[in-house]
Amino acid sequence: MIRITTPLKKEEIVKLKAGEEVFLSGIIYTARDQAHKKSIPFDLEGVVIYYCAPTRTMPGQIIGACGPTTSRRMDNFTPSLLKAGLSGMIGKGNRSKEVVDAIKKQKAVYFLAYAGCGALINKYVKNKKLIAYPELGPEAIYALEVKDFPLIVAIDSQGRNIYKNGV
C-alpha cells in the first residue's frame, strides 16, 4: 500500500500507476456540480478535490456519509481546473477523453473512492470545515482532514486508465 499526503507533489504523482491502492492523508476539498458552476475560491496548486456531498452529520460524528459521486458531471470544468494547478480528483466512474488528455498534460491523477461505502469511509475523516457556499447545503465546499483515506489510482499521469486497460 502506498501512502501519500496532500498537498500532492508532481514527483509523487508521476510515480503512481493505474490500479495501485493508496492511503491518502492531509486536506482534501469537497466540490460537486454546483460549486464547480461558481468557482473554487482558493489556490489549487497541489490540491485534491473530492466529488462528494456529505450527508447530514449525526451527533457524535465528524461527518455524515461521504461517498463519491459520478465524476463525469464535473468533466466540463476539469481541464481548466487542472491547468490552474489542481493535482488530483477523487470520485467514481470513468472520465471523458478531454479530461484524460488534461490529466496527462498537467501530470495529475484521478482516484476512485470506494462507492457504496459512504457510511463506512467517513471514519477516515478526522475534521471538517466549511470553506465556501453554505447556501449550497451538502454541495458547499468543505475542507476535510483525512487520515489513510483508501483510494485506487484510476487514471495516472501517463493516461493509463483502469476503465480502458484494466489493472
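For the structure, see preceding data.
Please read all numbers here as calculations on a predicted model, not as lab measurements.

Criteria and cut-off values
- Residues numbered from 1 in each chain as written.
- Predicted model: local features only at pLDDT ≥ 70, side-chain atom pairs only at ≥ 80, totals over all residues.
- Heavy atoms only, no water.
- Helix = DSSP H or I, 4+ residues; strand = E, 2+ residues; numbered from the N terminus.
- Rg over C-alpha atoms; globule rule 2.2 N^0.38 Å.
- Buried < 20%, exposed > 50% of the residue type's maximum accessible area, 1.4 Å probe, protein only.
- Areas by Shrake-Rupley, 256 points an atom, 1.4 Å probe, with all protein chains shown as cover.
- Lys, Arg positive; Asp, Glu negative; His and termini not counted.
- Charge placed at Lys NZ, Arg CZ, Asp CG, Glu CD.
- Core = buried A, V, L, I, M, F, W, Y, C linked by side-chain atoms within 4.5 Å.
- Contact = heavy atoms within 4.5 Å.
- Arc of directions from axis to C-beta.

S.K.: In this structure, what is going on with the overall build of the protein? I would like to understand it.
M.R.: Across its full length, the protein holds six helices and seven strands. The order of α-helices and β-strands along the protein, N terminus first, is β-α-β-α-β-α-β-α-β-α-β-β-α. Here the protein has a C-alpha radius of gyration of 14 Å; the compact-globule value for 167 residues is 15 Å, and the two agree. Summarising its shape, the C-alpha atoms of the protein cover approximately 45 × 35 × 25 Å along the three principal directions. Scored against the burial criterion, the 167 residues of the protein give a buried share of 51%. Here the protein displays about 7900 Å² of accessible surface, and carbon together with sulfur accounts for 52% of that area. Charge-centre separation for the protein: the mean point of 25 positive side chains lies 2 Å from the mean point of 15 negative side chains.

S.K.: What should I look at first to understand unusual backbone geometry in this one?
M.R.: A negative phi holds for most residues other than glycine; trans holds for most peptide bonds. Cis geometry marks the peptide bond from Thr-6 to Pro-7; its omega dihedral reads -5 degrees. Its location among the elements puts Pro-7 in the loop between β1 (2-5) and α1 (10-13). Of note in the backbone geometry, Tyr-133 takes a positive phi value of approximately 60 degrees without being a glycine. You can see Tyr-133 is positioned in the loop between β6 (125-132) and β7 (141-155). The exposure class assigned to Tyr-133 is buried, which follows from its relative accessible area of 17%. The phi dihedral of Asp-148 is positive, around 55 degrees, even though this residue is not glycine.

S.K.: Honestly, the nonpolar core in this entry has me stumped. Any pointers?
M.R.: Where a protein is soluble and globular, its nonpolar side chains tend to be buried together. Formed by 30 residues in total, the largest nonpolar core has its most connected members in Ile-40, Leu-44, Ile-49, Leu-86, Ile-103 and Ile-141. For this core, the secondary structure elements donating two or more residues are α3 (78-83), α4 (97-106), β5 (109-113) and β7. The contacts of Ile-49, once residues within four sequence positions are left out, are Tyr-29, Ala-31, His-36, Ile-40, Leu-44, Leu-86, Gly-88, Met-89 and Ile-90. Grouped together as the second largest cluster of nonpolar side chains are 25 residues, Leu-8, Cys-66, Val-109 and Tyr-142 included.

S.K.: Mind showing me how you'd approach α4 here?
M.R.: Since the α-helix packs 3.6 residues into each turn, any two residues three or four apart lie on the same face. Restricting attention to buried positions, one finds in α4 the residues Val-99, Val-100, Ala-102 and Ile-103. Buried residues along α4 cover an arc of 160 degrees about the axis, so they all sit on one side. Counted as exposed and oriented over 90 degrees from the buried face of α4: Lys-97, Glu-98 and Lys-105. Residues of α4 that are buried in the fold lie against α3, β4 (88-91), β5 and β7. Directly beyond the C-terminal end of α4, a positive phi value near 55 degrees is found at Lys-107.

As far as function goes, none of this settles anything; it's purely spatial.
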